[in-house]
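So the chains spell out like this:
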Amino acid sequence: VPVLVLDGLAAEHGDGLGAWLAHPGAAAAAPDGVLPAREGLLALCDTARREGGAAARRQLLQALPLGAIALLNAPPDVLAMLFMDSDVHPLVALDSGPRAVVEAYNAIKILCHAGGVHPVLVPLVTGVRTPELRRAETAVRRCCEQHLGETVQSWPVAYHDAQTAG
């Protein structure tokens, strides 16, 4: 089963999702990996505007290899358009960086208001869950509840950061 990351931030050069959308069946023998997808996802957003999110999602599924597992990395406005009024729960990453709270809150706001979806906050834990990350998580969740009327789930994810390992 192919596993693909559709990178909605990476420009395509004739080899990305846009080419797969234009030539059905082109992805049949796709290897695992990261696929540039900015133009293809923007084209799917146009389809969503014209025909609805369900039509765009069907077109996306038809372009992918049969049985593929796909992870979309894209700006929140693109995800909101593609998954509007669906049961999808987009993941919004949170670290303890200086702009992390504002960026996570803005992403959640766009996904909830523009897409009608219910995102999940994902605090990224390297080793121990720090007090800074806990404060950031609490701030985002509180702001979402107070200002958006949205109770956001949180699924902390631990990962190994090679830069801190050495």
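A short tour of the structure in this document, coming up. (Residues numbered from 1 in each chain as written. Predicted model: local features only at pLDDT ≥ 70, side-chain atom pairs only at ≥ 80, totals over all residues. Heavy atoms only, no water.)

Regarding the packing of helix α5 (residues 100–115) against helix α6 (residues 131–148)
Running from N to C, α5 and α6 point in directions that differ by 35°, and their axes come no closer than 10 Å. Two packed elements cross with a definite hand, and for α5 against α6 that hand is right-handed. Residues V101, A104, Y105, I108, K109 and H113 of α5 touch α6, and the partners they reach there are A136, A139, V140, C143, C144, H147 and L148. For the contact of α5 with α6, the per-class residue count stands at 10 nonpolar, 2 polar and 1 charged. (Axes fitted to C-alpha atoms, helices over the stretch in contact; angles between N-to-C directions. Helix = DSSP H or I, 4+ residues; strand = E, 2+ residues; numbered from the N terminus. Left-handed = near helix turned anticlockwise from the far one by under 90°. Contact = heavy atoms within 4.5 Å. Nonpolar A, V, L, I, M, F, W, Y, C, P; charged D, E, K, R; others polar.)

A word on α6
Compared with the 26 Å implied by 1.5 Å per residue over 18 residues, the 25 Å span of α6 between its first and last C-alpha is a close match. Within the sequence span of α6, burial applies to L133, A136, E137, A139, V140, C144 and L148. One side of α6 carries all its buried residues, which in axial view fall inside an arc of 160°. Facing away from the buried side of α6 by more than 90 degrees, the exposed set consists of R135 and Q146. (Expected span 1.5 Å × (residues − 1). Buried < 20%, exposed > 50% of the residue type's maximum accessible area, 1.4 Å probe, protein only. Arc of directions from axis to C-beta.)

Here we look at the pairing of strand β4 (residues 91–94)
Burial along β4 is one-sided: the residues V92 and L94 are buried and none of L91 and A93 is. Here 4 bridges tie β4 to strand β5 (residues 120–126), and the two strands are oriented parallel to one another. Pairing of L94 across the sheet is with P123, part of β5. (Pairing = 2+ DSSP bridges.)

Concerning the environment of H147
Of note, H147 is situated in helix α6. For the pair H147 and A10, spaced 137 residues apart in sequence, the C-alpha separation works out to 32 Å.

So, the pattern of salt bridges
Applying the stated criterion across every chain yields a total of 4 salt bridges. Measuring nitrogen to oxygen at the nearest pair gives 3.5 Å for the salt bridge that ties E103 to R99. (Salt bridge = Lys/Arg side-chain N within 4 Å of Asp/Glu carboxyl O.)

Quick notes on α5
Between its first and last C-alpha, α5 extends 21 Å over 16 residues, near the 22 Å set by a 1.5 Å rise per residue. Buried residues in α5 make contact with α4 (76–82), β4, β5 and α6. Of the residues flanking the end of α5, it is G116, one or two places downstream, whose phi is positive at about 65°.

Let's talk about a nonpolar patch on the surface
A cluster of nonpolar side chains, contributed by V1, V3 and I69, occupies part of the molecular surface with about 300 Å² of accessible area. Along the polypeptide, I69 turns up in strand β3 (residues 69–73). (Patch = residues over 30% accessible without salt bridge, like charges linked within 9 Å, V, L, I, M, F, W, Y side chains within 5 Å. Areas by Shrake-Rupley, 256 points an atom, 1.4 Å probe, with all protein chains shown as cover.)

A look at the sheet that holds strand β2 (residues 33–36)
As summarised here, the arrangement of the 3 strands in space is β2-β1-β3, forming an open sheet in which the pairing is parallel. Bordering the open sheet on either side are β2 and β3, each of which pairs with just one other strand. Neighbour-to-neighbour, the strand axes of the sheet open up by a mean angle of 25°, direction not taken into account.

Side note on the layout of surface pockets
Taken as a whole, the largest pocket spans an internal volume of roughly 790 Å³. Lining the largest pocket we find 32 residues, and of these L72, N73, A74, L79 and L91 sit closest to its centre. Among the elements of the structure, α3 (53–63), β3, α4, β4 and α5 are those that each provide at least two residues to the lining of the largest pocket. The element that contributes the greatest number of residues to the lining of the largest pocket is α5, accounting for 5 residues. A class-by-class count of the residues in the lining of the largest pocket yields 26 nonpolar, 3 polar and 3 charged. The space that makes up the second largest pocket amounts to roughly 160 Å³. Among the elements of the structure, β5 and α6 are those that each provide at least two residues to the lining of the second largest pocket. (1 Å grid on protein atoms, 1.4 Å probe; cavity = no way out; pocket = protein on both sides within 12 Å on 5 of 7 lines; lining within 4 Å. Points joined across faces, edges and corners; volume = space filled by probe spheres on them.)

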